[in-house]
Amino acid sequence: MSEETPTFSYYRGTTPPKFVTPTERQAAEILDYYRVPWEYEPRTFVLEQEANGNIVEAFTPDFYLPDLDLYIEVTQMKQALVTAKNRKVRRLRELHPEIRIKLLYKRDFIQLAKKYDLSLPS
Amino acid sequence: MTTPPDRSLIGDVYLNAEAIAARVAELGTEIETDYRDGDLLLVSVLKGAVFFMADLARAIDLPLEMDFMAISSYQQDREDQDRRAIRFMKDLEQPLQGRDVLVVEDIVDTGLTLHYILRSLGLREPRSLEVCTLLDRPYRRITDVHVRYSGFTIPDDFFVGYGFDYRQLYRNLPYLAFLKI
């Protein structure tokens, strides 16, 4: 990303976050503003593994909120294109029912953007 | 000379004054029953919840006190590098220790603001701390906040009236209408 990453007060990771999309950065800014401690991509979950140990499929949720014990995945993809991500989240819940994860869709972020007067990535 | 407000932004009525009044009366009765032996302090967040607070307080036939707080907004602070965290713009005037505090909100959406409020007020050791909201969007919740009393679960739209504004206008409408933006 070309935009400079701002200083975060409630980031709880050890290395500076490197956001992949502007939506992720905006989500981080909102969490930080509301004093919600957060980590960026702290854990990768193996969803499918071969017998020899090779990882076939894995999933790394964007955020973890340690105080709330909640993972958040944000997606700015169109609703019709999130099937694969939905499947990953569903699989994660099957394998780890103890994990709490929330998927924020593009429509959710559009509403958040209106509420918080954010500029949305195209 | 100021430009008159653009009323074309006000859409159809979602909840008329009668529907709001009826639900507020129900909530008042419920709260009255639950806090009959309590020491009730209604705490409202300026400015949106003021109309709801005033009507709700009058629907509760119990001795109670009222207090108000104001919270900063991300929308107003986001351009200011020195103001990058939510904070109290106006704090409560009453101590909360040992009181039965009921936070009166206009709307609970992501729960982020309410999460901060409850965390902050919880540190002041009230005997109980609950939430009453006029409008609720539980499907938009990011943080887990327990809402004990909820007036209406609403769709994913924006509203004006009965305390809800668009650029500080239309709060005084007696009904809740869709905002056309």
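Residues numbered from 1 in each chain as written. Chains lettered and ligands numbered in written order. Predicted model: local features only at pLDDT ≥ 70, side-chain atom pairs only at ≥ 80, totals over all residues. Heavy atoms only, no water.

Caption draft 1: Fine view of the overall build of chain B. Scanning chain B for helices and strands turns up four helices and nine strands. Ordering the α and β elements of chain B from the N terminus gives β-α-β-α-β-α-β-β-α-β-β-β-β. Relative to the 2.2 N^0.38 estimate, which gives 16 Å for 181 residues, the radius of gyration of chain B is 17 Å and therefore close to what a compact globule would have. Dimensions of chain B, computed from C-alpha atoms along their principal axes, come out at roughly 50 × 45 × 35 Å. For chain B, with 181 residues in total, the buried portion stands at 51%. As displayed, chain B has an accessible area near 8900 Å², and 50% of this comes from carbon and sulfur atoms. (Helix = DSSP H or I, 4+ residues; strand = E, 2+ residues; numbered from the N terminus. Rg over C-alpha atoms; globule rule 2.2 N^0.38 Å. Buried < 20%, exposed > 50% of the residue type's maximum accessible area, 1.4 Å probe, protein only. Areas by Shrake-Rupley, 256 points an atom, 1.4 Å probe, with all protein chains shown as cover.)

Caption draft 2: Examining the side chain of D32 of chain A more closely. Residue position: D32 of chain A is located in helix α1 (residues 22-33). Engagement of the side chain of D32 of chain A in a polar contact is seen with the backbone nitrogen of S9 of chain A, the distance being 2.8 Å. Discounting residues that sit within four places of it in the chain, D32 of chain A has contacts with F8, S9, Y10, Y11 and W38 of chain A together with R84 of chain B. (Polar contact = N/O pair within 3.5 Å; in protein donor to acceptor, adjacent residues only side chain to side chain. Contact = heavy atoms within 4.5 Å.)

Caption draft 3: Spatial organisation of helix α2 (residues 50-58) of chain B. Along α2 of chain B, the residues classified as buried are F52, M53, L56 and A57 of chain B. Looking straight down α2 of chain B, one finds that the buried residues subtend no more than 125 degrees of arc, so they occupy a single side. (Arc of directions from axis to C-beta.)

Caption draft 4: View of the pattern of salt bridges. All names here are of chain B. Overall, the coordinates contain 21 salt bridges over all chains when judged by the stated rule. The partner of D91 in a salt bridge is R124, with the nearest N and O atoms 3.0 Å apart. Within this pair, whereas D91 is found in the loop between β4 (88-90) and β5 (100-108), its partner R124 is found in the loop between α4 (112-122) and β6 (128-136), the two being separated by 33 residues in sequence. Of the residues examined, D91 reaches a relative accessible area of 36% and is grouped as partly exposed. The partner of R140 in a salt bridge is D156, with the nearest N and O atoms 2.4 Å apart. Residue R140 is located in the loop between β6 and β7 (149-153), and its partner D156 is located in the loop between β7 and β8 (159-160); the two are separated by 16 residues in the primary sequence. According to the relative accessible area criterion, D156 is partly exposed, its value standing at 23%. Each of D109, R137, R140 and D156 takes part in one network of salt bridges that share partners. (Salt bridge = Lys/Arg side-chain N within 4 Å of Asp/Glu carboxyl O.)

Caption draft 5: Broad picture of the sheet that holds strand β6 (residues 101-104) of chain A. All names here are of chain A. Read across the open sheet, the four strands follow the order β1-β4-β5-β6; overall the sheet is mixed. Both outer strands of the open sheet, β1 (39-40) and β6, are each paired with one neighbouring strand and no more. Two elements, strand β4 (residues 63-65) and strand β5 (residues 70-74), share three bridges in a ladder whose sense is antiparallel. Within β5, the residue paired with F63 across the bridge is I72. (Pairing = 2+ DSSP bridges.)

Caption draft 6: Molecular detail of the pairing of strand β2 (residues 40-46) of chain B. Residues and elements named next belong to chain B. β2 sits mainly inside the fold: six of its seven residues count as buried. Where β2 and β5 come together, five bridges link them in parallel fashion. Residue L41 lies in a different strand from β5, and its bridge partner there is V101. In this structure, β2 lies alongside strand β3 (residues 65-71), joined through six bridges in parallel fashion. Residue pairing for β3: V43 is matched across the bridge by D67.

Caption draft 7: Broad picture of the confidence of the model for chain B. When the pLDDT values of chain B are averaged, the result is 91; 92% of them are 70 or greater. By mean pLDDT, helix α3 (residues 74-77) of chain B is the weakest element of chain B at 69, and helix α1 (residues 17-34) of chain B is the strongest at 98. (pLDDT = per-residue confidence, 0-100.)

Caption draft 8: Structural detail: unusual backbone geometry. Residues and elements named next belong to chain B. Put simply, L46 and K47 share a cis peptide bond, and its omega is 0 degrees. Within the secondary structure, K47 is located in the loop between β2 and α2. Not every positive phi belongs to a glycine, and R167 is a case in point at roughly 50 degrees. Its location among the elements puts R167 in the loop between β8 and β9 (176-179). Taking the relative accessible area as the measure of exposure, R167 reaches 68% and is therefore exposed. A positive phi angle, close to 75 degrees, is found at Y170, a residue other than glycine. With respect to the secondary-structure elements, Y170 resides in the loop between β8 and β9.

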